[in-house]
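One-letter residues, chain by chain:
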Amino acid sequence: MNNHDLFLSAQKYIPGGVNSPVRAFKGVGGDPLFIKKAKGPYIYDVDDKEYIDYIGSWGPMIAGHSNKKVLKAVHKAVDQGMSFGTPTEQEVTVAEKMCKLIPSMDMVRMVNSGTEATMSAIRLARGFTGRDKIIKFEGCYHGHADSFLVKAGSGVLTLGIPGSPGVPSAVADLTLTVAYNDLDALESTMQAHGDDVAAIIVEPIAGNMNMILPLEGYLQGMRDLCDKYGTILIFDEVMTGFRVALGGAQELYNITPDLSTFGKVIGGGLPVGAFGGRKDIMSHIAPLGPVYQAGTLSGNPVAMTAGSVMLDIVSKKGFYDDLAIKTQNLTKGLKEIADKNSIPFHTVNEGGMFGMFFTENLEINNFEDIAHCDEERFKVFFHKMLDQGVYFGPSAYEAAFVSSTHDEVTLSKTLKAATFAFSEL
Ligand code: KE4
């Protein structure tokens, strides 16, 4: 079946024809691409067209698609069995590697998605503190658990829905939202509610309202406020973990959160999430403590095998230096082409992730700034690039990702496509 017919058929059986809204191309128009295979930096749709992939399954494929080492290990693991519902050696291996790579993590619990990780971390913070309120930031996305669908980013932002029906107001009212990068606003919110706030959860680099870096001192100020009010600081590193640095954003900014959440890269493309942190907090998690959390496939041996190999790959000396250089070369090249065409455009990058903004405003610090970017121009740019075989995230509110397999060939092809695309904007 060709792409269009496949989409028609998908829409018969799957809401919107997709199993995750942001894939539906609602943010850019047209039919979503049905991908049938991928290798290195390339993906191939059902019509056999090749694309340079800057989504990488929304982050996991940092070592490129169909990485030989990962596939070899997974094939071997599958031959031993798919799932046992028992402890396995692979889980211990991954837990040990993660706790060694992330110094703030004394202990870690594996789950099956980023949402499960953040949902569990919030429950743990509430159970540990005995408090009910949480603070999140406008435009940040922490998955689709009820407490987070309040002024969230990613697909919620792409679809322009402020939150979601089905979230009881009793739950939504416990989530306080504050503008990102506004320490004064956070301080006054904590002055008013701090003693009732179980946790502040933050994307240390916001990657779900395009890409926004924390201002100088912002994360330290947040850390200090949590210390002052006995609030748990949760770094949601589902996207930034093992993406911006080996030790994640917490290494980059030298901040120690109380809990961290992970996903994406640590599963190597298989469904994995994790939450972890201070031993005194994690020891409240069942069966050690009273805060219940569970999962049939948590720590699945095949997924843990993939994750373990991924952690070895990204731990190799120079992995992130090389990735950062590739990302810098790409974003610098795009900016130069846009400038040559007098298109208001700039980029931000950190490690293997980057954001692109169609705006004159060089100070993009929060959701408000993002809302004033030229989304229509992004949509045209997106399709001009897609038509030339370059695949960015189908939304002006998503970050983009580079893998270790992107090279000089993909760079020159991308910049060649951009030369045409920017000339047409
Ligand atoms: P998942 O439940 O989708 O595995 O993870 C939720 C999540 C939590 N925290 C952060 C910082 C995240 O970025 C995510 C998921 N990211 C989006 C991409 N912007 C997933 C893509 C999708 O929803 O299909």
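Residues numbered from 1 in each chain as written. Predicted model: local features only at pLDDT ≥ 70, side-chain atom pairs only at ≥ 80, totals over all residues. Heavy atoms only, no water.

1. Here we look at the domain arrangement of the chain
Phase 1 of the analysis: The domain boundaries assigned to the chain delineate domain 1 (3-66 + 317-424) and domain 2 (68-314).
Phase 2 of the analysis: Domain 1 and domain 2 are separated by 25 Å when their C-alpha centres are compared.
Phase 3 of the analysis: Summed over both partners, the interface of domain 1 with domain 2 comes to about 3000 Å²; 66% of that surface belongs to carbon and sulfur atoms.
Phase 4 of the analysis: Taken together, the links from domain 1 to domain 2 amount to 12 residue pairs in polar contact (both at pLDDT 80 or more).
Phase 5 of the analysis: Elements that contribute at least two residues to the side of domain 1 that touches domain 2 include exactly α12 (319-340), β11 (346-350), β12 (353-357) and α13 (367-371).
Phase 6 of the analysis: Considering each element in turn, the side of domain 1 that touches domain 2 owes the most residues, five residues, to β12.
Phase 7 of the analysis: The class makeup of the residues in the side of domain 1 that touches domain 2 is 23 nonpolar, 10 polar and four charged. (Domains from an automatic or database assignment. Buried area = accessible area lost by both parts, 1.4 Å probe. Polar contact = N/O pair within 3.5 Å; in protein donor to acceptor, adjacent residues only side chain to side chain. Helix = DSSP H or I, 4+ residues; strand = E, 2+ residues; numbered from the N terminus. Nonpolar A, V, L, I, M, F, W, Y, C, P; charged D, E, K, R; others polar.)

2. Observations regarding the site of the ligand
Phase 1 of the analysis: Every one of the 17 residues lining the ligand counts as a neighbour, but S20, T115, N208, D236 and E398 are closest to it.
Phase 2 of the analysis: One of the side-chain N or O atoms of K264 is found 3.0 Å from a nitrogen atom in the ligand.
Phase 3 of the analysis: Side-chain polar atom of E398 to a nitrogen atom of the ligand: 2.6 Å apart, as the coordinates give it.
Phase 4 of the analysis: Protein contacts shield 87% of the accessible area of the ligand, which totals 540 Å² for the unbound molecule. (Near = heavy atom within 4 Å. Areas by Shrake-Rupley, 256 points an atom, 1.4 Å probe, with all protein chains shown as cover.)

3. Examining the packing of helix α3 (residues 89-101) against helix α11 (residues 301-314)
Phase 1 of the analysis: Where α3 meets α11, the closest approach of the two axes is 9 Å, and the angle between their N-to-C directions is 35 degrees. Where α3 crosses over α11, the handedness of that crossing is left-handed. Judged by residue contacts, Q90, E91, T93, V94, K97, M98 and L101 of α3 engage P301, M304, T305, G307, S308, L311 and D312 from α11.
Phase 2 of the analysis: Looking at side-chain class alone, the contact of α3 with α11 contains six nonpolar, five polar and three charged residues. (Axes fitted to C-alpha atoms, helices over the stretch in contact; angles between N-to-C directions. Left-handed = near helix turned anticlockwise from the far one by under 90°. Contact = heavy atoms within 4.5 Å.)

4. Topic: unusual backbone geometry
Phase 1 of the analysis: With an omega dihedral of 5 degrees, the bond running from A286 to P287 counts as a cis peptide bond.
Phase 2 of the analysis: Despite not being glycine, F25 has its phi angle at roughly 70 degrees, a positive value.
Phase 3 of the analysis: For K264, which is not glycine, the phi dihedral falls at a positive 55 degrees.
Phase 4 of the analysis: Mapped onto the elements of the fold, K264 is located in the loop between β9 (259-263) and β10 (273-277).
Phase 5 of the analysis: Taking relative accessible area as the criterion, K264 reaches 24% and is therefore assigned partly exposed. (Buried < 20%, exposed > 50% of the residue type's maximum accessible area, 1.4 Å probe, protein only.)

5. Considerations on the pairing of strand β8 (residues 232-236)
Phase 1 of the analysis: Most of β8 sits out of view: five of its five residues are buried.
Phase 2 of the analysis: Neither face of β8 is left uncovered, since the one carrying I232, I234 and D236 and the one carrying L233 and F235 both have all their residues buried.
Phase 3 of the analysis: Crossover connection from strand β7 (residues 197-202) via helix α8 (residues 218-229) to parallel β8: handedness right-handed.
Phase 4 of the analysis: Bridge count between β8 and β9: three bridges; the pairing is parallel. When the bridges of β9 are listed, F235 appears paired with S260. (Right-handed = clockwise from strand over helix to strand, strands pointing away. Pairing = 2+ DSSP bridges.)

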